[in-house]
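Structure assessment
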Amino acid sequence: MKTEYDIVIVGGGMVGAAIACALGGSRYQVAVIEGLYPDAFETGQPHDLRVSALSVASETLLKNIGAWDGIISRRSCPYRRMKVWEASEATATLFDSDQIGENHLGHIVENRITQLALLETLKQHSNVDLICPAKTRRVDYSAGSSIVELEDGREIIGRLLIGADGGESRVRQAAGIGITKWDYNQQALVASVVTSYPQQDITWQQFTPTGPLAFLPLSGYHASLVWYNTPDQVKRLMALSDKAFLDAVHQTFPKSIGQIDQLLERGFFPLRRQHAQAYVAEGVALAGDAAHMIHPLAGQGVNIGFMDVAMLAEVLLEAEAQGEAFYSLDTLKKYEQARRKQNLLMMQTMDAFYHVFSNNNLPLKLLRNIGLGVADKLPFAKPHVTRFAMGIEGPVPNLAKRT
Ligand SMILES: Cc1cc2nc3c(=O)[nH]c(=O)nc-3n(C[C@H](O)[C@H](O)[C@H](O)COP(=O)(O)OP(=O)(O)OC[C@H]3O[C@@H](n4cnc5c(N)ncnc54)[C@H](O)[C@@H]3O)c2cc1C
């Protein structure tokens, strides 16, 4: 095992592993340090609690870096329609892939499956070493020559350090990059359930003053429910017996929920908004949750993380082609300029949804219902919103663009 690399990626989650795949086959010598290898996938095993709605832009990136087949061959669920409403389902806004001549709007995939497919792909590249399981004990940032000390005492040196190590990023802290953050007064209770009806092609969300209620289809007779609520209410719901919890689901969720036959698992996630004050410094770059965490109500977190991957890889590969210093601030700034403003815009949009919909003020309530009604009727606006949600409208990095 080498100890010196051009690029050391701390974190081999979905984002870190994707960066390594995108750099596979280049002249860069790349190391990925990941604390935990995910459990192998077996057909018929229960669905995981952690799932993500992957946009078409993410799908394109994953295809271009060779990981998509590893996802599809395991387990995923395409969805073609997305429905959103507040007061009454009868006035819901429906986004339908048929209306814009597309085959689907996205796929719901278990995070572990996406990560497994990516790790499997990066292992095929001779210029990429996966160091796993290996946790970092210390990250010593130094512009152009950082040292990562592992818990077993090994030291890995990289000219460029990439922090893809999630919200608590050690790389970010070692580089002295600050964050702005606040907690939403809301948590996400996620439940994995068995439905009495077969696989659906629709994902829906009802906004309520205490938070959205969402349905995400999984393969077969399975689905994932997300019940956003205050921390107190989530605590109460988590303490209920399975039967009492399912009764509460049937009483609270809209009638679209149909019959839920079985609760397989539930868990909850505190929600916070967090943004790194910079994405780069000389010899260091942040991507994915290490750089930004957003409210998951529109399922955009890892999707914008994948767009970071596409842009960062593009900048690094261009530097390689031009013979530029890939770890220099000038080079890395191109990545930050392309991504930070975009991600901030997405965060602000999610915050607007969160604040506007968790408010019982009557005029606001009327306005947002009119807003949703108008969105449904506008023949020109809706296709744009649909394409934006699919990640194919707006500035899309080249590696995530369909040809
Ligand atoms: C309830 C909920 C629902 C969501 N739904 C969606 C959705 O539908 N669509 C969507 O796009 N996003 C969604 N998200 C967001 C999405 O889950 C995250 O954006 C995504 O997981 C971030 O991936 P990441 O690779 O950047 O970070 P992480 O998933 O946090 O991965 C970090 C990796 O780094 C490793 N690591 C950390 N520290 C170290 C260390 N010191 N040494 C070695 N390894 C280390 C960890 O083991 C981990 O594998 C949701 C989030 C929540 C909470």
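A brief look at the structure comes next. Small disclaimer: the values here were computed from a predicted structure and weren't measured. (Residues numbered from 1 in each chain as written. Predicted model: local features only at pLDDT ≥ 70, side-chain atom pairs only at ≥ 80, totals over all residues. Heavy atoms only, no water.)

1. Considering the sheet that holds strand β6 (residues 93-96)
Across the sheet, which stays open at both edges, the 8 strands sit in the order β6-β5-β13-β14-β15-β12-β16-β19 with mixed pairing between neighbours. The open sheet terminates on both sides in strands that have one partner only, identified here as β6 and β19 (292-293). When strand β16 (residues 260-276) meets β19, the two strands line up antiparallel, connected through 2 bridges. Counterpart to H275 in the pairing with β19 is H292. (Pairing = 2+ DSSP bridges. Helix = DSSP H or I, 4+ residues; strand = E, 2+ residues; numbered from the N terminus.)

2. Points about the side chain of R339
With respect to the element layout, R339 can be found in helix α9 (residues 329-357). Among the polar contacts listed, one links the side chain of R339 to the backbone oxygen of I304, at a separation of 3.4 Å. Of the polar contacts made by the side chain of R339, one reaches the side chain of N343; its length is 2.7 Å. Contacts of R339, omitting those with residues within four sequence positions, involve Y279, I304, M307, D308 and M311. (Polar contact = N/O pair within 3.5 Å; in protein donor to acceptor, adjacent residues only side chain to side chain. Contact = heavy atoms within 4.5 Å.)

3. Looking at the pairing of strand β7 (residues 106-110)
β7 sits mainly inside the fold: 5 of its 5 residues count as buried. Side chains G106, I108 and E110 project from β7 onto one buried face, and the interleaved H107 and V109 project onto a second face that is buried too. With 5 bridges connecting them, strand β3 (residues 51-55) and β7 associate as antiparallel partners. Directly across from S55, in β7, lies its bridge partner G106. Here 3 bridges tie strand β4 (residues 77-79) to β7, and the two strands are oriented antiparallel to one another. Counted as the bridge partner of Y79 is G106 from β7. (Buried < 20%, exposed > 50% of the residue type's maximum accessible area, 1.4 Å probe, protein only.)

Worth remembering: the numbers are spatial, not functional.
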